[in-house]
Amino acid sequence: MKGLTNMSEASAQIHTNAHTGHGGHGKLMPLVIGAVGVVFGDIGTSPLYAIKECFNGEHGLALTRLNIFGVLSLMFWAMTIVVSLKYVTFILRADNKGEGGTLSLMALGLHKLSTARNRYIAILVGMVGASLFFGDGVITPAMTLMSAVDGMAVYNPKFGSYIVPISVGIAFVLFMFQSFGTAKVGAFFGPIMSLWFVVLAVLGVVNIVQAPEILSAFLPYHAWKFVLHSPAHAFMVLGAVFLVMTGGEALYADIGHFGVKPIRFGWFGFVMPTILINYLGQGALLMTHGADPIVRSNPFFHMVPNTLLLPLV
């Protein structure tokens, strides 16, 4: 853990090693842990609400085997193609002298453009992309925090009126903490987020063993069958499926802090497997207990066995 305090100084060297293939294990692991705490916070909290938005509410899908397997298959392949293939495999290669993000990508493109008109268009596109990124930065914390705090009301409805003020308080503390810099933020939140991903995996496994057939949702056949059977429903649910990818852009935006290799190691070796296990666990829970409207309203928090819950008073 000592290396985390020197994260900013080590990141440049690790970034170079990521391209040369000579990164030392002792130098790499602290940056992987730091990346888990900073880079994957958004996409790592998507299990709080992604499945719920597909099946809950007035326009939620019916809890049929076809729909559950189809949605999970769509989520798996969306995450695989967009995050793993597009971002982690290809876009992370397009760094601008070790930096990533919308403006860095714009600057990289400007080097290849010769006419003033094309450069103007590239700058305009870059500004639009940066604006969208700012918008995402405003919406995402509110959605994530309120979805997390909402778990209090799941087990005790009297906490419902406190969700918003508690969320605002947490957001205030988190944004204040950012002023300490990436190294200290990563050192503090890395172990916390690592524990979070371990919990995601454990909860997923606990529920998967109740309906192990859910593992076949990885097959693209289920997504294809779901789309062909209910094209209108499939189109409508894509907005909720997209939630599993929110935060994927951070993998590229933060390569200047941690380097390419730690982000790839963290994603393929730890973050992605734990998230997928949790989604499968939620699908298994809906198959076994989906008839209960309480479970359906928020499957993530009902994944926890009642025997492990502390009473909320």
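Below: a short report on this structure. All figures in this text were calculated on a predicted structure; none of them were measured in a lab.

Rules behind the numbers
Residues numbered from 1 in each chain as written. Predicted model: local features only at pLDDT ≥ 70, side-chain atom pairs only at ≥ 80, totals over all residues. Heavy atoms only, no water. Helix = DSSP H or I, 4+ residues; strand = E, 2+ residues; numbered from the N terminus. Contact = heavy atoms within 4.5 Å. Polar contact = N/O pair within 3.5 Å; in protein donor to acceptor, adjacent residues only side chain to side chain. Buried < 20%, exposed > 50% of the residue type's maximum accessible area, 1.4 Å probe, protein only. 1 Å grid on protein atoms, 1.4 Å probe; cavity = no way out; pocket = protein on both sides within 12 Å on 5 of 7 lines; lining within 4 Å. Points joined across faces, edges and corners; volume = space filled by probe spheres on them. Phe/Tyr/Trp six-rings, centres within 6.5 Å; stacked < 30°, edge-to-face > 60°.

1. So, the environment of Thr274
Then, number 1: Among the secondary structure elements, Thr274 is positioned in helix H13 (residues 260-289).
Then, number 2: Separated by 77 residues in the primary sequence, Thr274 and Phe197 place their C-alpha atoms 5.9 Å from one another.
Then, number 3: Setting aside its immediate chain neighbours within four residues, Thr274 contacts Phe197, Leu200 and Ala201.
Then, number 4: Of note is the side chain of Thr274, whose polar atom sits 3.2 Å from the backbone oxygen of Phe270.

2. Comments concerning the side chain of His302
Then, number 1: Along the polypeptide, His302 turns up in the segment after helix H14 (293-297).
Then, number 2: The buried category is assigned to His302, whose relative accessible area is 19%.
Then, number 3: When residues no more than four places from it in sequence are discounted, the contact partners of His302 are Val154, Tyr155, Leu285, Ile294 and Val295.

3. Some thoughts on the layout of surface pockets
Once rolled over the atoms, a probe with the size of a water molecule shows which space is left empty.
Then, number 1: Its volume calculated, the second largest pocket comes out at about 680 Å³.
Then, number 2: Lining the second largest pocket are 30 residues, with Tyr87, Leu132, Phe133, Asp136 and Glu249 sitting closest to its centre.
Then, number 3: Of all the secondary structure elements, the ones that give two or more residues to the lining of the second largest pocket are helix H4 (65-90), helix H5 (102-110), helix H6 (116-155) and helix H11 (250-253).
Then, number 4: Broken down by element, the residue count for the lining of the second largest pocket peaks at eleven residues, all from H6.

4. Overview of the packing of aromatic side chains
Then, number 1: For the coordinates displayed, the defined rule picks out seven aromatic pairs.
Then, number 2: Ring centres of Phe40 and Trp267 lie 6.1 Å apart, and the angle between their planes is 20°; this geometry places the pair in the stacked category. One end of the pair, Phe40, is in the loop between helix H2 (25-38) and helix H3 (50-55); the other, Trp267, is in helix H13, with 227 residues separating them in the sequence. We note that Phe40, like Trp267, is buried.
Then, number 3: Aromatic pair Phe197 and Phe270: ring centres 5.8 Å apart, planes at 75°, arrangement edge-to-face. Taken as a pair, Phe197 in helix H8 (residues 182-208) and Phe270 in helix H13 lie far apart in primary sequence, 73 residues in all.
Then, number 4: Site record: aromatic cluster; members linked through ring pairs are Phe76, Trp77 and Phe218.

Spatial relationships are all this shows, so hold off on functional conclusions.
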